[in-house]
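Spelled out from the first residue to the last, the chains are:
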Amino acid sequence: MKILFCTDGSKISYHAIRNFSRWFKDFTVDILCVIDLSFLPDTISVESSGFNRQCANSADVILDYTERFLKEFDIVIGEKLKMCGSTVDSILETLNTNQYEYVVLGSHGKKGIQKWLGSVSQEVSSVAKISTYISKELNDSKKILFTIDSLDTTPKVVSKCIETMNLSDKDIYLTTVYEVPDYLFLEGNLDSNWIIEVEQKQEKAAMLLLNQFEKIFIESNLNIKDKVILRGTPAQEIIKYASINEIDLIVSGARDKNGLSRIFLGSVSKRILENTNSDSLIIRINK
């Protein structure tokens, strides 16, 4: 399995690949370093001012250090790649011209307007056609939470994780969330027993769904630490559950999207990425 590891030389990027290496098995890492010069004023010529040479030298220093770092953890290294330009565009260009299974990035967890505008990791995860692993801090890489829903992509997400990840010694958590309808506008017009019956049916369907996926893990000789039904807004409840249980990695699925996906900020995966300290693994299921 071949992955792309993107680093700017920051500690958080090395935390990302370190965390990743404790979850996955049998992979080779291509290292990409992008020196982003997009902040330079238009009046400055990169070529004439010698920035090209400085860019190459800076990238070489980062790549050489990264190679030594990865070798310390017996991580197999493929190519070392360096580029100058927009970080997001350079990463996407590399992904489009090579065959990778995952892309690994660190996220600095910026807040305020920088968070609203979107970090590099958020941009890449929104647009990339492959699965994305994003980390904010070094963690124990022990507790993994699978977000389960009834979409046809979910079995593919679970199957891919079981196939490529080392889960035998991990604590596996399953959760599904059903939203509770707001019956306020029907108050006085609905039989309360009918409302209770509807929620009981939702609860039963959710448990059947969790049992179905628990069976998939058991058949792969993997045990479930906990399975739980949450009620409320999916992203909000998952974030809360992950925080309480100190989850190290949250797995969610994403369908293949078109070029407009950059502006769709409301997805569950996006909100989880923005609002939790857990690592995020977004499994992209292409059409």
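Here the residue numbering is sequential within each chain, running from 1 through the sequence in written order. In keeping with the predicted nature of the model, local features appear solely for residues at pLDDT of at least 70, side-chain atom pairs appear and are counted solely at 80 or more, and the whole-chain, interface and lining totals rest on all residues. Calculation of side-chain values draws on the structure's entire complement of heavy atoms; hydrogens and water are dropped beforehand.

Undergrad: Talk me through helix α9 (residues 268-275); I want residue IDs and the actual numbers.
TA: For every residue, the accessible area obtained with a 1.4 Å probe (protein chains only) is divided by the maximum for its type, and the residue is called buried under 20%, exposed over 50%, and partly exposed between those limits. Only runs of H or I of at least four residues qualify as helices and only runs of E of at least two qualify as strands under DSSP, and these elements are numbered from the N terminus. Among the residues making up α9, those that are buried are Ser 269, Lys 270, Ile 272 and Leu 273. Taken end-on, α9 shows its buried residues confined to a sector of 165°, consistent with a single buried face. Arc definition: it is the arc formed by the directions from the helix axis to the C-beta atoms.

Undergrad: How would you summarise the pattern of salt bridges if you had to cite specific residues and measurements?
TA: For salt bridges, the criterion is a side-chain nitrogen of Lys or Arg within 4 Å of an Asp or Glu carboxyl oxygen. Applying the stated criterion across every chain, the model contains 8 salt bridges. Between Glu 237 and Lys 240 there is a salt bridge, with its nearest N and O atoms 3.7 Å apart. Of this pair, Glu 237 and Lys 240 both sit in helix α8 (residues 234-244), 3 residues apart, which is roughly one turn of the helix. Given the relative accessible area of 43%, Lys 240 is considered partly exposed. Among the ionic contacts, a cluster of salt bridges with common partners joins Asp 64, Glu 67, Lys 71 and Lys 80.

Undergrad: How would you explain empty space enclosed by the protein if you had to name every residue and give the values?
TA: For cavity detection a 1 Å grid was placed over the protein atoms alone, and a set of points counts as a cavity when a 1.4 Å probe fits there but cannot get out; an open set counts as a pocket when protein lies on both sides within 12 Å along at least five of seven lines, with lining residues being those that have an atom within 4 Å of a point. Grid points are joined across faces, edges and corners, and a volume is the space filled by probe spheres set on the points. In the structure shown here, the tally under the stated rule is 1 cavity of 30 Å³ or more. The computed volume of the largest cavity comes to approximately 30 Å³. In terms of lining residues, the largest cavity is bounded by Phe 146, Thr 147, Ile 148, Thr 154, Val 157, Val 158, Val 251, Ser 252 and Gly 253. The class makeup of the residues in the lining of the largest cavity is 5 nonpolar, 4 polar and no charged. Asp, Glu, Lys and Arg are counted as charged, while Ala, Val, Leu, Ile, Met, Phe, Trp, Tyr, Cys and Pro are counted as nonpolar; the rest, among them Gly, fall into the polar class.

Undergrad: Can you explain the packing of α8 against α9? Please cite residues and give values.
TA: Between α8 and α9, whose axes approach to 9 Å, the crossing angle comes to 35°. When you trace α8 past α9, the crossing you get is right-handed. In this structure, α8 uses Pro 234, Ala 235, Gln 236, Ile 238 and Ile 239 to contact α9, whose residues at the interface are Val 268, Arg 271, Ile 272 and Asn 275. Taken together, the residues that form the contact of α8 with α9 break down as 6 nonpolar, 2 polar and 1 charged. The axes used here are C-alpha line fits, helices contributing only the stretch in contact, and every angle between their N-to-C directions lies in the interval 0 to 180 degrees. In a left-handed crossing the near helix is turned counterclockwise from the far helix by less than a right angle, and in a right-handed crossing that turn is clockwise. Residues are treated as being in contact if the distance between any of their heavy atoms lies within 4.5 Å.

Undergrad: Any details on helix α3 (residues 87-97)? Residues and values, ideally.
TA: Given 3.6 residues per turn, any residue in an α-helix points the same way as the ones three and four places further on. What α3 keeps buried is the set Thr 87, Val 88, Ser 90, Ile 91, Leu 92, Thr 94 and Leu 95. Against the buried residues of α3 lie β1 (2-6), β2 (28-35), β3 (76-84), β4 (102-106) and α5 (120-127).

Undergrad: Could you give me a rundown of the packing of α5 against α9, with the residues and numbers involved?
TA: Orientation of α5 relative to α9, taken along the N-to-C sense of each, is 165°, at an axis distance of 11 Å. Taken together, the axis directions place α5 and α9 in an arrangement best described as roughly antiparallel. Taken as a pair, α5 and α9 cross one another with a handedness that is right-handed. Two secondary-structure elements touch here, α5 through Gln 122, Ser 125 and Ser 126 and α9 through Lys 270, Leu 273 and Glu 274. Here roughly perpendicular refers to angles of 65 to 115 degrees, roughly parallel to angles under 35, roughly antiparallel to angles over 145, and oblique to all remaining angles.

Undergrad: Requested: an account of the packing of aromatic side chains, with residues and values cited.
TA: Think of it this way: a Phe, Tyr or Trp ring, Trp meaning its six-membered ring, pairs with another when their centres are within 6.5 Å, and the plane angle makes it stacked under 30 degrees, edge-to-face over 60, tilted otherwise. Throughout the structure, instances matching the rule amount to 13 aromatic pairs. Clustering of aromatic rings is evident, with ring pairs tying together Phe 5, Tyr 14, Tyr 65, Phe 69 and Phe 73. For a ring to carry a charge above it, either NZ of a lysine or CZ of an arginine must fall within 6 Å of the ring centroid while also lying within 35 degrees of the normal to the ring plane. The side chain of Lys 160 reaches across the aromatic face of Tyr 102, ending 4.9 Å from its centre.

Undergrad: Before we move on, could you go through the pairing of strand β5 (residues 131-135) and cite the residues and values that matter?
TA: In regular strands, side chains alternate between the two faces of the sheet. Across the 5 residues of β5, 5 count as buried, placing the element largely inside the fold. Side chains Ser 131, Tyr 133 and Ser 135 project from β5 onto one buried face, and the interleaved Thr 132 and Ile 134 project onto a second face that is buried too. Only when DSSP finds a minimum of two bridges between them are two strands counted as paired. When β4 meets β5, the two strands line up parallel, connected through 5 bridges. Across the sheet, Gly 106 pairs through a bridge with Ser 135, a residue of β5. Sheet analysis places β5 next to strand β10 (residues 279-285), joined by 3 bridges and oriented antiparallel. Directly across from Tyr 133, in β10, lies its bridge partner Leu 281.

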